[in-house]
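Below, each chain spelled out in residue letters.
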Amino acid sequence: MGLPVEVGGPGPGADISAIKTAYSRHIGRKILLVGVLLGLTGATALVATAVGAAGISVADVWRVILSHLGVPVTLESDLAETVVWEIRLPRILLATITGMSLAGAGAVMQGVLRNPLVSPYTMGLSSGAAFGAALAIVLGTGLVGGNYLDVSRWLIVTNAFIFGGLTTLLAFSLARFKGMAPETLVLGGVAIGYLFQAGVSLLKYISNNEALKELVVWLMGGFWGADWRTVALLTPVVLLCMAGLLLYAWDLNVLGVGEEVAASLGINVGRLRVYTLTLATLAAAATVAFTGIIGFICLVGPHICRMLVGSDNRFLIPCSCLMGAVLLLLADTLARTIIAPAEIPVGIITALMGSPFFIYLLIKKKRQWWG
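Being a predicted model, the structure only gives us computed values, none of them experimental.

Enquirer: Sorry if this is basic, but what is going on with the nonpolar core here?
Expert: Taken as a class, soluble globular proteins show a tendency for nonpolar side chains to be buried jointly. Grouped together as the largest cluster of nonpolar side chains are 97 residues, with contacts concentrated most on Leu102, Leu113, Trp218 and Ile294. Setting aside its immediate chain neighbours within four residues, leucine 113 contacts Val118, Met123, Pro182, Leu185, Val186, Arg273 and Leu277. Judged by nonpolar contacts, the second largest core, of 10 residues, contains Ile56, Val64, Ile65 and Trp85.

Below is the structure:
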């Protein structure tokens, strides 16, 4: 005798429909959050452009931008035109691009190496860039004399970029002996970073007073050299690197489950690590070469976004980029205004902002990370 069948009751189709509805709602919230962060980034940039030693309204900032986009508007004063377009806006855009590159690179490195403390700086990139800049500043000042940042700024940038990227390349070379193990990559980056730090200390020791001052200022990080040429150079580099990382968001999600699972699904884990870490390093090294050492953005931004959107890299990467931009814009605004008309190196502000948060994060997450 057959079992009774309930006609018209819920079946597998109804369950699948409910799952799809819940999934769509879940994804929709994440997309909305990314949209809110995008709007917040734009609003923060506008307000940051208006704030400074010379007070300018947000409306005037908007008029200046529209006038340069070809929209016929009436400008209130020539001062607003000069301050906004020639001085503040390039700096604001450089801070935005730098925050995007550092936080986006940090999120990817943490995911690829499955270590919440990994960043472009813990991988030794900052030490390599600092050594390159120090090499150019100390030896360049001794050779050509004068104000080095006016004479050979591009040599500093080039050296910092090359040596910053070289650190990751050397870490890759060391890791190849251990089959690209994440632990070897991290420890190799740390070891090479200490080697370059020793080189920086040596160059400080043999430098003259002028070169030492320039080097210390560069190591503190800042946007003093911001101009439209720098923005035009960095923007496509950073955006293309982040877009390239987003193409592998699904692979990064699978890698987060485990290397064995990723390999069983046909993902070449070693190649994925090389590709994503290369793009992340390129984006971070390019911006650090122009701005100097700006810490904690690459750690704090991704961790905040993990609390908001989880570890799905389709949303974590863009969310981290936008959060990094907002945090760095706020830090730079404080650096410019807290003792105006003088300013504090933005690297000091990011350390003061990031250290308490990161200590809190370490205490809160200790059991989860270390068991």
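Enquirer: Mind showing me how you'd approach a nonpolar patch on the surface here?
Expert: Judged by side-chain polarity, Leu69, Val71, Val73 and Leu75 come together as a nonpolar surface patch covering roughly 310 Å² of accessible area. Following the sequence through the fold, valine 73 ends up in the loop between helix H2 (58-68) and helix H3 (78-113).

Enquirer: Is there a simple way to explain the pattern of salt bridges in this structure?
Expert: Close approach of charged atoms allows side chains of opposite charge to pair. Per the stated rule, a full pass over the model turns up 6 salt bridges. A salt bridge links aspartate 332 to arginine 336, with the shortest nitrogen-to-oxygen separation between them at 3.4 Å. One end of the pair, aspartate 332, and the other, arginine 336, are both in helix H14 (residues 313-337), 4 residues apart, so they sit about a helical turn from each other. We note that aspartate 332, like arginine 336, is buried. Salt bridges here are not isolated pairs; linked through shared partners, they connect Arg91, Asp332, Arg336 and Glu343.

Enquirer: Could you clarify how one ought to interpret the environment of alanine 198 in this entry?
Expert: Assignment of secondary structure puts alanine 198 in helix H7 (residues 182-206). Once the C-alpha coordinates of alanine 198 and serine 127 are considered, the two residues, 71 residues apart in sequence, prove to be 9.2 Å apart.

Enquirer: Help me understand unusual backbone geometry in this model?
Expert: Trans peptide bonds make up most of the peptide bonds, and negative phi angles are found at most residues other than glycine. Positive phi, normally seen in glycine, also occurs at arginine 114, with a value near 55 degrees. On the secondary structure map, arginine 114 appears in the loop between H3 and helix H4 (125-144).

Enquirer: Help me understand the packing of helix H6 (residues 153-176) against helix H12 (residues 269-291), please; the structure alone is not making it clear to me.
Expert: A pair of packed helices is captured by two measures, namely the crossing angle of their axes and the spacing between those axes. Contact geometry of H6 with H12 gives a least axis separation of 9 Å together with a crossing angle of 155 degrees. In terms of orientation, H6 lies roughly antiparallel with respect to H12. Two packed elements cross with a definite hand, and for H6 against H12 that hand is right-handed. Taken together, the residues of H12 that come into contact with H6 (itself represented by Arg153, Trp154, Val157, Ala160, Phe161, Gly164, Gly165, Thr168 and Phe172) are Arg273, Val274, Leu277, Thr278, Thr281, Leu282, Ala285, Ala286, Ala289 and Phe290. Tallied by class, the residues present in the contact of H6 with H12 amount to 12 nonpolar, 5 polar and 2 charged.

Enquirer: Can you help me understand the confidence of the model for the protein in this one?
Expert: Caution applies to low-pLDDT regions: their predicted coordinates should not be interpreted in detail. Model confidence for the protein is summarised by a mean pLDDT of 83, while 88% of its residues fall at 70 or above. The lowest-confidence element of the protein is helix H5 (residues 148-151), averaging 44 in pLDDT; the highest-confidence one is helix H9 (residues 228-246), averaging 94. Below pLDDT 50 for its whole length, residues 1-9 participates in 0 contacts with residues either more than four positions away or in separate chains. Note that residues 141-151 has pLDDT below 50 and, in this model, 18 contacts with residues that lie over four places away or in other chains.

Enquirer: Is there a simple way to explain the packing of aromatic side chains in this structure?
Expert: Each pair of aromatic rings is reported with the distance of its centres and the angle of its planes. According to the stated counting rule, one finds 6 aromatic pairs in the structure shown. Relative to phenylalanine 163, the ring of phenylalanine 131 has its centre 5.3 Å away and its plane inclined at 75 degrees; by these criteria the two rings are edge-to-face. Note that phenylalanine 131 is positioned in helix H4 and phenylalanine 163 in helix H6, a separation of 32 residues in sequence. Summarising the aromatic geometry, the rings of phenylalanine 131 and phenylalanine 196 are spaced 5.4 Å apart at their centres and angled 35 degrees between planes, so their arrangement reads as tilted. Of the two residues, phenylalanine 131 is situated in helix H4 and phenylalanine 196 in helix H7; the sequence distance between them amounts to 65 residues. One exposure class covers both phenylalanine 131 and phenylalanine 196, and it is buried. One aromatic cluster in this structure is built from Phe131, Phe163 and Phe196.

Enquirer: Where do I start with helix H8 (residues 209-220) in this structure?
Expert: Since the α-helix advances by 3.6 residues per turn, residues separated by three or four positions end up pointing in the same direction. Compared with an ideal rise of 1.5 Å per residue, which puts 12 residues at 16 Å, H8 spans 17 Å between its outermost C-alpha atoms and is within 8% of the ideal. Along H8, the residues that are buried comprise Ala211, Glu214, Leu215, Trp218 and Leu219. For H8, the angular spread of buried residues about the axis comes to 135 degrees, placing them on one side. Exposed positions of H8 whose direction lies more than 90 degrees from the buried face are Asn209 and Lys213. Phi turns positive one or two residues past the end of H8, at glycine 221, with a value near 85 degrees.

Thresholds, definitions, all that
- Residues numbered from 1 in each chain as written.
- Predicted model: local features only at pLDDT ≥ 70, side-chain atom pairs only at ≥ 80, totals over all residues.
- Heavy atoms only, no water.
- Core = buried A, V, L, I, M, F, W, Y, C linked by side-chain atoms within 4.5 Å.
- Buried < 20%, exposed > 50% of the residue type's maximum accessible area, 1.4 Å probe, protein only.
- Contact = heavy atoms within 4.5 Å.
- Patch = residues over 30% accessible without salt bridge, like charges linked within 9 Å, V, L, I, M, F, W, Y side chains within 5 Å.
- Areas by Shrake-Rupley, 256 points an atom, 1.4 Å probe, with all protein chains shown as cover.
- Salt bridge = Lys/Arg side-chain N within 4 Å of Asp/Glu carboxyl O.
- Helix = DSSP H or I, 4+ residues; strand = E, 2+ residues; numbered from the N terminus.
- Axes fitted to C-alpha atoms, helices over the stretch in contact; angles between N-to-C directions.
- Parallel < 35°, antiparallel > 145°, perpendicular 65-115°, else oblique.
- Left-handed = near helix turned anticlockwise from the far one by under 90°.
- Nonpolar A, V, L, I, M, F, W, Y, C, P; charged D, E, K, R; others polar.
- pLDDT = per-residue confidence, 0-100.
- Phe/Tyr/Trp six-rings, centres within 6.5 Å; stacked < 30°, edge-to-face > 60°.
- Expected span 1.5 Å × (residues − 1).
- Arc of directions from axis to C-beta.

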